[in-house]
Structure formats: structure tokens, C-alpha cells
Amino acid sequence: MKKIFSSIAVLSSLVLVLAGCGTSGNQAAPSAPAEKAPTENAQPANLLEKIKAEGKIRVGTEGTYSPFTFHDESGKLTGYDVEVITEVAKRIGVEPEFMETQWDSMFAGLDSERFDVIANQVGIRPDRQEKYDFSSPYTVSTAVLAVHKDNTTVTDFKDIKGLKAAQTLTSNLTDIARENGAEIVGVEGFNQAIDLLVSKRVEVTVGDRLSFLEFLKQKPETPVKIVANHADAAQNGFMFRKGSNELVEAFNKALDEMRQDGTLAKISEKWFGADVSK
């Protein structure tokens, strides 16, 4: 009987020892949830972040529209718009990459994301604002009516009904010509419009006053003249794809700083002898 009780005691001891092993500190604790590895190819939250990450902003411009965007005698791209957006880009902390194209291809280039912004004296109009975002205006100007120096019959916008007008097809200046009954002859830019006017293949062209004044200052022998000024002043701004809120805000902040510290007026006076930004 003693042997039986002794065996039972030994078995009980073994059970207690095994039970103790099951709850000892050597048991592995439940594993903590694994931390998520950082995403290596995280996409920028918006266009401004993308531009800053790349260190550059792609700028659509004509490069043939003096004095706003054109090539000087050395071949360098320069002009009022070029200098203004270069300074804006500098204040944002990026480099401008200028991509030249014809005016009538410019909007399509922005739509297809070939450019991030257009710098080419784009008029701020309600119909455009429905589809695009704009910066605050950096140029204010008026439209003018120009004819060949030999023309003595056209003295006002009302006189151009039925006449051929050399115009880029999507410009707000073209709208003025069309509203006054002109027959639109499509051109690629300002210089081609002047060429058609000089050769008398068109009778008139509606253009930007500042462009004409600068052009005639550089080439006073050109046989064209301004005969009328339009009553409405146009406000021009940098144009972006819709939804570029953060980038527009960054541009407006830079432009505001440039107005306050005199930089914008200085650039304007260099090209026009006056502050055309207001």
C-alpha cells in the first residue's frame, strides 16, 4: 500500500512540475503587430509638392511674343513674363523649365500635363476660369486696333466689320475682333499678324497695347499704326489646370511679396518704362 501511495505522490509531483513549466517566464510572449514598412514610392499629395520634389516647374510659353516671351539677339529666351515667372519660381524654391509652343497649342499642352503652368499673357476670363485656375493678375493692359500706315478708312473698332483680321484663334483679343464683325485669319502669334498686316494680306489686327508699343519702339520703320484703344482693360495671369490650389496659392504669395518689395514694378519698368502690373 505504501508503494501505491508513494507512486501517486511521485506522479502528482511530476504534474505540478510540468504545469509550472507551462507558465514559466520562458514562454514566448504574444508577438506584437509588425510595423508597416515605409512606402518607398509615395506619391506627392499635390502638384506643388511634386514640383518641389522634382526641383523644377514646367512652363508653357510662346517664345515669339515680344516683349513678354521672346529670344534676344543671342538666342536667349527673355521678356517680361519670363522674368516674372523666373522670380516666382525662385521664391517657391524651384527652377523654371520653359517649353515653347504655339499659342493655339498651349492650352492643349496644359491639359495633357505637358506643362504645369502657362506664362504668356493669358487673359483672365470667366469662361476660362470655369476650366482653369489663375494666379492674381501680374499685367493689366488694353487691346488696340492696328492697321497698315496707308489705311485711312479704319479709325475705330466699329469700322472692321467684314474686314480680315490676323488673330490667334483662342485669344481674348480675337474675341474683340470677332465681336466687331471681322473675318478671322488664323496666325501663330504676334509677329505673323504683323507680317500679314505689313504685306496687306489682312486689313487689321487686334493686339495688346504693350506689345505694339514695344514693337514700334524697336522697329519704328514698320508701316503699321495704332488707330484705336479698346475701352476694357484686360487682366492677365498665370494659368494652371483646375485643382492646382496649393500651387496657385504659392504663386500668389510670391507675387504679393514681389509687389510689396518693389520687384514686380522694377521688372515692369525695365520692359515698359511704367508699372503695368496694376
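Residues numbered from 1 in each chain as written. Predicted model: local features only at pLDDT ≥ 70, side-chain atom pairs only at ≥ 80, totals over all residues. Heavy atoms only, no water.

Time to look at the overall build of the protein chain. Helices and strands together make up the secondary structure of the protein chain, namely 10 helices and 12 strands. Among the 278 residues that make up the protein chain, the fraction classed as buried is 44%. Long-range pairs, those at least 24 residues apart, make up 69% of the contacts in the protein chain between residues at least 6 apart in sequence. Within the structure as shown, the protein chain displays about 15300 Å² of accessible surface, and the carbon and sulfur contribution to it stands at 52%. (Helix = DSSP H or I, 4+ residues; strand = E, 2+ residues; numbered from the N terminus. Buried < 20%, exposed > 50% of the residue type's maximum accessible area, 1.4 Å probe, protein only. Contact = heavy atoms within 4.5 Å. Areas by Shrake-Rupley, 256 points an atom, 1.4 Å probe, with all protein chains shown as cover.)

For the structure on display, the rule yields 17 salt bridges. For glutamate 83, the salt bridge is made with lysine 270, and the minimal N-O distance between the two is 2.4 Å. Placement of glutamate 83 in helix 3 (residues 80-92) and of lysine 270 in helix 10 (residues 263-272) is noted, with a sequence separation of 187 residues between them. Among the charged side chains, a salt-bridge network with shared partners connects Glu87, Arg91, Lys253, Glu257 and Asp261. (Salt bridge = Lys/Arg side-chain N within 4 Å of Asp/Glu carboxyl O.)

Within helix 8 (residues 209-218) the residues assigned to the buried category are Leu210, Ser211, Phe212, Glu214 and Phe215. Looking at the buried side of helix 8, the elements it contacts are strand 2 (64-65), strand 8 (139-148), helix 7 (190-198), strand 11 (204-208), strand 12 (224-241) and helix 10.

A word on the confidence of the model for the protein chain. The pLDDT averaged across the protein chain works out to 87; a share of 85% of its residues lies at or above 70. In the predicted structure, residues 1-30 sits below a pLDDT of 50 and forms 1 contact with residues beyond four places in sequence or in another chain. Note that residues 32-39 has pLDDT below 50 and, in this model, 0 contacts with residues that lie over four places away or in other chains. (pLDDT = per-residue confidence, 0-100.)

Bringing unusual backbone geometry into the picture now. Excluding glycine, residues mostly have negative phi values, and the peptide bonds linking residues are mostly trans. Cis peptide bonds are those with omega within 30 degrees of zero, and the linkage from serine 66 to proline 67 qualifies with 5 degrees. Here proline 67 shows up in the loop between strand 2 and strand 3 (69-71). The phi dihedral of glutamine 121 falls on the positive side, at around 55 degrees, and the residue is not glycine. Topologically, glutamine 121 is positioned in strand 6 (residues 117-123). The residue lysine 200 is not glycine, and still its phi comes out positive at about 65 degrees. Examined against the element boundaries, lysine 200 turns out to sit in the loop between helix 7 and strand 11. We classify lysine 200 as exposed; its relative accessible area is 51%.

It is characteristic of soluble globular proteins that their nonpolar side chains tend to be buried jointly. Within the largest apolar cluster, 46 residues are counted, with the highest numbers of intra-cluster contacts made by Ile57, Tyr80, Val84, Phe238 and Phe251. Looking at this core, the element that brings in the most residues is helix 9 (residues 245-260), giving 7 residues. Here isoleucine 57 is in contact with Ile51, Ala89, Val94, Glu95, Pro96, Glu97, Asp116, Val117, Leu247 and Phe251, once residues within four sequence places are set aside. Of all hydrophobic cores here, the second largest spans 14 residues; its members include Ala143, Val147, Phe157 and Ile160. (Core = buried A, V, L, I, M, F, W, Y, C linked by side-chain atoms within 4.5 Å.)

Turning to the packing of helix 3 against helix 10, a few remarks are in order. Where helix 3 contacts helix 10, the axes come no closer than 10 Å and their chain directions differ by 160 degrees. When the axes of helix 3 and helix 10 are compared, the pair comes out roughly antiparallel. Seen from above, helix 3 lies across helix 10 with right-handed handedness. Touching Tyr80, Glu83, Val84, Glu87 and Arg91 of helix 3 are Thr263, Leu264, Ile267, Ser268, Lys270, Trp271 and Phe272, all from helix 10. Its residues assigned to classes, the contact of helix 3 with helix 10 shows 6 nonpolar, 2 polar and 4 charged. (Axes fitted to C-alpha atoms, helices over the stretch in contact; angles between N-to-C directions. Parallel < 35°, antiparallel > 145°, perpendicular 65-115°, else oblique. Left-handed = near helix turned anticlockwise from the far one by under 90°. Nonpolar A, V, L, I, M, F, W, Y, C, P; charged D, E, K, R; others polar.)

The topology assignment puts glycine 181 in the loop between helix 6 (172-179) and strand 10 (183-186). The partly exposed category is assigned to glycine 181, whose relative accessible area is 30%. Once the C-alpha coordinates of glycine 181 and isoleucine 160 are considered, the two residues, 21 residues apart in sequence, prove to be 6.6 Å apart. Those residues in contact with glycine 181 that sit more than four places away from it in its chain are Ile160, Lys161 and Gly162.

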